[in-house]
Every structure is written in structure tokens, then in C-alpha cells.
Amino acid sequence: MFYVVLLNLYEKIGHLIVMEDAMRLISLKNAAPEMIVGKSIYSCDGDKLLSKGVKLTNYIIKRLYERGIYDIYIEDEISTGIEIEDVINQETRNKAKKSLVEAIKDLKINKNFDAGNIKKVINKIVDELLANENIMINLSDLRSVDEYTFAHSVNVAVLSIVVGKALGYNQLRLRDLGVGAILHDIGKIDTPNEILNKPQKLNDDEMKIMREHTVKGYEILRKCEDMSSLSKIVALLHHERFDGSGYPFGKKNSDIHEFAKIVAITDMYDAMTSNRVYKKKINPNQAIEYLIATSTTILDYDIVKVFLNHISVYPIGTIVLLNTKEKAIVIDNNRSCPTRPIVRVFNDKDIGDGRYREIDLQKNLTIFIEKICDE
């Protein structure tokens, strides 16, 4: 397997190197030999593809591309002191992906859907998120484009539970929301890949087939007697829109269940900020701008506000360009002013000298971020 090849490879090329709290996300196209991996990469089955601390080689970079992985966390000098933590345990995230993979395989083979293991892992996610105070999403889940469906579904569940927690849901309601969120796209199991991954705009016939996944998903879940009806309704209604422009029924505003309104937002955000076979991801700040722009038409304004309180406009570890034409790395967020984080300014010529200065943009109002850098 691919991960065995990589494990054997870095065992031959030398020991692992682990820097003390240093981590930032880069595009794989900007990766180079000798860079140090800052976060382990896993498959949907939970197998470790590449370990934190490994030095990259051209061969490893090539194999990651072949695997469909286009982003990687690295450790370097300018990211010293930065540790980007996931809001749930990596083992829990891996278990969630694996449970979903196994449940869908069983559904394809036996035409029987058992959500038992999925419910268990959702319970674990809820417990971890309830124990995590002041949640702020900074970390991106590293995923292969071929494994998008599974990783996306888990991330939508995590993001939805975060929103539900902020809305004051009790533990039982959070679990029902999480199960519905992780299974929101279960109806795509029979949608042809040539439609799911078509790079061009779908024609009317293809769009009709695509839209069938909401009803099909509900029909699959409807047969699960030990699942809440609230969880099942998410699959059916998560593409309904506030202004009635959604499907399958064209429901409006109060006719759409709140669970479905939440998943509509988290589904949209994670899809926009993820690489797909046919589409490159956009930056979190761009996705946030889109959500804000549509929060008075297709999305619920009040829920969008709650969601954005827990998403970093400029995630920690992001390289940005300031209006001073200097580069900087985001080292912390200001929750009360999310567009003005704390940054570490650096010049390319100073790398290696450690000559950096830190600026709290909330206190230095003449300096602001112009854009996120594609290094």
C-alpha cells in the first residue's frame, strides 16, 4: 500500500525531525525537498500515509500528488511557536471516516444500512466538542480529492455540532444533529461518478439526477428504526434555501427545519474550502464573504452569524500580505475582531536570522491585511 511505501522510504532516509510547536499549511505545489512535515496525513481507513517530522523528498511529493493530496502542513522557522489544534482528536476523526466508509460499503453490498458505529462515533465527537470551550476552527483536514465525500461528511458533522453547541442544544439534540449531518449526502451512493465529478456545469438532465440524492438519502435513512426522525430530515432538506429557491420542495424560511438550515451552511462552507476533482478550493475569507453575501437570501442570517463566530477569517499559520507590502504569518486570532489577527512580520531575506516582529492588528489600525498569499 501507498502508506507502507512512504513509511519504508523515510525509515531509509533518516530519523524524524520534530520542531517545537511549528506548523503552517502550504499548497503541495509550493512544497520542496528537505521541508519537514508538520502534521501526519491519514487515509479514510485511518492508515497513516505520512508522519509528522518526515523530511520531504521529490519522490514523496510526487506520490502525494498521485494520491490526490494537494495541501500539506510543514514546520519551519517562521512558524516557530505555532501549534494548530483540531477541535476533535485525530483518532476520533479517523474513526468517523472509517465508520462512514464501512457503512456505505455494507449498504452497497447488502442493501442494508446500519448506523450503529456512526452513532457511537458521533457521540464521541459531541463529548469532545462539549469539553472544548471557546471553539475556533483553524485547522484544515488534509484529505485526498478521491476521499472527498467521506472527509467532507465528517467535517460537516463537526462544524454542525459546533453550531448546535453555540445555539444551546442539549447533548441529545447535538447527537441527532451530528448523525444527520454526517449522513446528509448518503443519497449520492447511486449518483454516477461522471455526474458527481463532472468538471463542467451539469445539464438539465444531469442536474435532475443530482437533485435526486436528497429524496434517495431520506428513503435510505427512513428504514433505520433506531435513528431519530430529526436526523433523517437533514438528508431530505439540506438543499432547501431560505428564499424558496432550493430543492426538492422549494420550502422557505420557517418551513425548513433548523437542522437542515445549519447543514446547508456547513456543507456549503466545507465544499468551498476543499479541493475537488473539478474545482480548486477558495480561501476561508473568500468563503466567509460568500456566506455573508447570501445570508439574507438563500441562507439563514442568524445561523450564519453563529457559524462565523467559530471560523477563523485568517486561520493561524496563514501567510498574508499587509498593506505595508510586507509578508506576515498569522499567529493568533482576535475573536472580537476576526479580520484583525495577531501576525508575525518577516522578510524573505531575514529568514534564518530570526529577525521578526509581531503586530496586533487590532491595536495597530493603520496596518491591515490586503490578501492571503499563494506563496
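Report follows, based on the coordinates. (Residues numbered from 1 in each chain as written. Predicted model: local features only at pLDDT ≥ 70, side-chain atom pairs only at ≥ 80, totals over all residues. Heavy atoms only, no water.)

**Structural notes on helix H4 (residues 116-130)**
Next up, step 1: Compared with the 21 Å implied by 1.5 Å per residue over 15 residues, the 21 Å span of H4 between its first and last C-alpha is a close match.
Next up, step 2: For H4, the complete set of buried residues consists of Ile118, Val121, Ile122, Ile125, Val126, Glu128 and Leu129. All buried residues of H4 project into a common sector of 165 degrees when viewed along the axis, lining one side.
Next up, step 3: Of the surrounding elements, those touching the buried residues of H4 are helix H3 (90-110), helix H5 (148-166) and helix H6 (171-182). (Helix = DSSP H or I, 4+ residues; strand = E, 2+ residues; numbered from the N terminus. Expected span 1.5 Å × (residues − 1). Buried < 20%, exposed > 50% of the residue type's maximum accessible area, 1.4 Å probe, protein only. Arc of directions from axis to C-beta. Contact = heavy atoms within 4.5 Å.)

**So, the environment of Lys55**
Next up, step 1: Summarising the element assignment, Lys55 is placed in the loop between strand E4 (48-50) and helix H2 (58-67).
Next up, step 2: Look at Lys55 and you get partly exposed, because its relative accessible area is 32%.
Next up, step 3: Residues Lys55 and Glu34, spaced 21 residues apart in sequence, show a C-alpha to C-alpha distance of 5.1 Å.
Next up, step 4: A polar contact is formed between the side chain of Lys55 and the side chain of Glu34, at a distance of 3.2 Å. (Polar contact = N/O pair within 3.5 Å; in protein donor to acceptor, adjacent residues only side chain to side chain.)

**Quick look at the pairing of strand E7 (residues 327-332)**
Next up, step 1: Across three bridges, strand E6 (residues 319-322) lies against E7 in antiparallel orientation. Considered in E7, the bridge of Val320 is made with Ala328.
Next up, step 2: Here E7 runs beside strand E8 (residues 342-346); their pairing, made up of five bridges, is antiparallel. Within E8, the position partnered with Ala328 by the bridge is Val345. (Pairing = 2+ DSSP bridges.)

Structural measurements only, silent on function.
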